[in-house]
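Observations on chain architecture
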Amino acid sequence: MKLFAAGISHKTAPVELREQLAVKQSAIVDLAFVLKCFGHLDEIVLLSTCNRIEIYGTTRHATGHIKSLLPLLCAEPRDLDPHIYLYEDAAAVRHLLRVAAGLDSMVLGETEITGQIKNAYEIARSAGLTGRALNRLFQRAFQATKEIRSRTGIGRGAVSIKSTAVELVEKTLGDLSRQSIMVIGAGQMAECCVRSLVKRGARSILIANRSFDRAIDLAIQCGGQAVCLGDCLFEMPDVDVVIAATSSPESLLTRDDADNVMRSRHIRPLLLIDLSVPRNIDPAAGELENVSLYNIDDLQAVAREGVQARERELTACHQIIEAHVAALVQKLDEENDRPSVEYLKDQFLRKAFAGPLNLLLTAT
């Protein structure tokens, strides 16, 4: 049995490529079954976040074909090979443990990825897509992450990419209590943004969402105002910042939309931040005069500031990970060497019927 991890991430591919492979949560199980079938896999977990799309699995075959599975997620034919990484056995274990602990994230030590991995694993487990090997692997990853959080300072002061976006708004425009901010979306990603905004002093927040009831709920939480998604363009001329944070696969703000908004603003600058993958704001909108547009990759440079203290904890983190990698690999090797239930059953039946069968052959 081969254990592997394959994927692309913010380290190997830009957002314009990652967004083409992004998988909606509602389609995770169906696509995982397709990948399992095409890849001749025994087990699989499919992970899709803003910053990475990864396949964790096991197979009894050679892994040379694994890289060809990721293009199956792409709506259009693309040469992804230069962007795909593939790890096997101990290297695959090490990679997942690093990812789960936030050591491979855009923001070193961020904790959001741990919850995303737990969700992806639970979806696969509930669908019957995991077995002994992946169950052990992911449980080990969560144990290692817990140990790293408790024994090191890697997560101390760590921020998510969402709070980094809020920090960018504050650095660009100053006192948030004086700014009018529109957040497009009302899901978990948008909610994180809103909480960070309120914590930094924002008072005027508009929530625009396809589900108006959900927009109302979030607006009540932050003391803001709910706006129908269809009306957000009418409200946009009066805001200072627009943060798009949805899971919509479509562009919600085109260049023409932004151009019309700017005509109504009388040259007043507009800050656009697109946290969505796929992107919700047309990149061409950033070409307009007095419009500043940042996508999730642009925020990486901002997130790197102040990370030196957490980098000093990396040695201790790696030592913990290596101990867990060695323990899990040894356990999996022992189980691979151990006869399977099917093999033992076959041997038992052979021995049980060997005597009567020999007597029958002798009699004939």
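As the structure is a prediction and not an experimental result, all values here were calculated from the model.

**What about the sheet that holds strand E7 (residues 225-228)?**
Pairing within the open sheet is parallel, and its six strands lie in the order E7-E6-E5-E8-E9-E10. The open sheet is flanked by E7 and strand E10 (291-295), the only strands paired with a single partner. The mean inter-strand angle of the sheet, taken between neighbouring strand axes irrespective of direction, is 20 degrees. Here four bridges tie strand E5 (residues 180-184) to strand E8 (residues 241-244), and the two strands are oriented parallel to one another. Among the inter-strand pairings, Ile184 is bridged to a residue of E8, identified as Ala244. Of the strands in this sheet, E8, strand E9 (270-274) and E10 touch helix H6 (residues 161-173), which is tilted by about 165 degrees from E9.

**Details of the pattern of salt bridges**
Scanning the entire structure with this criterion turns up 19 salt bridges. Among the salt bridges present, the one from Glu322 reaches Arg94, with a minimum N-O distance of 2.6 Å. Within this pair, whereas Glu322 is found in helix H13 (residues 314-337), its partner Arg94 is found in helix H3 (residues 90-100), the two being separated by 228 residues in sequence. Arg268 is paired through a salt bridge with Asp240; the nearest N and O atoms lie 3.0 Å apart. Of this pair, Arg268 sits in the loop between helix H10 (255-265) and E9 while Asp240 sits in the loop between helix H9 (232-235) and E8, placing them 28 residues apart in sequence. On the basis of relative accessibility, which here comes to 30%, the residue Arg268 falls in the partly exposed class. Take Asp240: its relative accessible area is 17%, and that puts it in the buried class. Overlapping salt bridges bring together Lys11, Arg52, Glu54 and Asp104 as one network.

**A look at the sheet that holds strand E3 (residues 52-59)**
To summarise the sheet geometry, strands pair through backbone hydrogen bonds and adopt either a parallel or an antiparallel arrangement. Ordered by their spatial adjacency, four strands build an open sheet running E2-E3-E1-E4, and the pairing between neighbours is antiparallel. Two strands in the sheet have a free side with no partner beyond their single neighbour: strand E2 (43-48) and strand E4 (85-88). On average, each strand axis in the sheet is tilted by 15 degrees relative to the strand beside it, whichever way the strands run. Here strand E1 (residues 2-9) runs beside E3; their pairing, made up of eight bridges, is antiparallel. Bridge pairing links Ala5 to Tyr56 in E3. Across the face of the sheet, helix H2 (residues 28-39) comes into contact with E2 and E3 while running at roughly 135 degrees to E2. Packed on one face of the sheet, helix H5 (residues 132-151) meets E1, E2 and E3 and runs near 40 degrees to E2.

What counts and how
Residues numbered from 1 in each chain as written. Predicted model: local features only at pLDDT ≥ 70, side-chain atom pairs only at ≥ 80, totals over all residues. Heavy atoms only, no water. Pairing = 2+ DSSP bridges. Helix = DSSP H or I, 4+ residues; strand = E, 2+ residues; numbered from the N terminus. Axes fitted to C-alpha atoms, helices over the stretch in contact; angles between N-to-C directions. Contact = heavy atoms within 4.5 Å. Salt bridge = Lys/Arg side-chain N within 4 Å of Asp/Glu carboxyl O. Buried < 20%, exposed > 50% of the residue type's maximum accessible area, 1.4 Å probe, protein only.

Function cannot be inferred from these measures alone, as they are strictly geometric.
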